[in-house]
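Survey of secondary and tertiary structure
Okay, here's what each chain looks like letter by letter:
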Amino acid sequence: RTPLHPPFISSASRILEKWEVGRCLVHLDSFNDSDFMQGFVYNVYPGGRPLNQSFPKTVHQTWKSAERIPKSLSGYMKSWIDRNQDWKHMFWSDNDNRALIQNRLPMLMPFFDTMQPVEQADIARYLYLYFYGGLYADMDFEALQS
């Protein structure tokens, strides 16, 4: 693996910036990715009018794999499900994180592949919220109320 250095990060940043500008100018009626639009917090017409500013009731959590969640964390995870029964709970594994990048931002795979697994998970957390909305809860956080 190569360590991330400023030119490498700058290149990834330019790629994302170009992608984001194009994405924000998409008219809702011409966009046919329903999963993307269903969870998306807002979008903008070229004229700048905000659309769909609701907050999706979705909790995102991630761990290496569903089979490897430590028993010490399972109660915390269950608290999010039990106290937010009307919310969608989305669990993401390392493989899911990779698929998210491959499917949504394939141009970033060369950068993603240079990162350590924990760094990949950090990037993926932002992308869950970006693409699907909702909130992210670390596995060692307990939901105390809905």
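Residues numbered from 1 in each chain as written. Predicted model: local features only at pLDDT ≥ 70, side-chain atom pairs only at ≥ 80, totals over all residues. Heavy atoms only, no water.

1. Some words on the pairing of strand β4 (residues 88-92)
Inspection of the sheet shows strand β3 (residues 58-62) paired to β4 by five bridges, in the parallel sense. The residue of β4 that forms the bridge with T62 is W92. Considered for its hand, the β-α-β crossover made up of β3, helix α3 (residues 71-83) and β4 is right-handed. (Pairing = 2+ DSSP bridges. Helix = DSSP H or I, 4+ residues; strand = E, 2+ residues; numbered from the N terminus. Right-handed = clockwise from strand over helix to strand, strands pointing away.)

2. Digging into the confidence of the model for the protein chain
Summary statistics for the protein chain give a mean pLDDT of 78 and a share of 66% for residues scoring 70 or more. Predicted confidence for residues 26-31 stays below pLDDT 50, and this span has nine contacts to residues more than four positions away or in other chains. Within the model, the stretch residues 34-50 combines pLDDT values under 50 with 42 contacts to residues more than four positions away or in other chains. (pLDDT = per-residue confidence, 0-100. Contact = heavy atoms within 4.5 Å.)

3. Looking at α3
If you check α3, its first and last C-alpha atoms are 19 Å apart, about what 13 residues at 1.5 Å a residue would give, namely 18 Å. Buried within α3 are the following residues: L73, M77, S79 and W80. With its buried residues spanning 140° around the axis, α3 presents them on a single face. Against β3, β4 and β5 (135-136) lie the buried residues of α3. (Expected span 1.5 Å × (residues − 1). Buried < 20%, exposed > 50% of the residue type's maximum accessible area, 1.4 Å probe, protein only. Arc of directions from axis to C-beta.)

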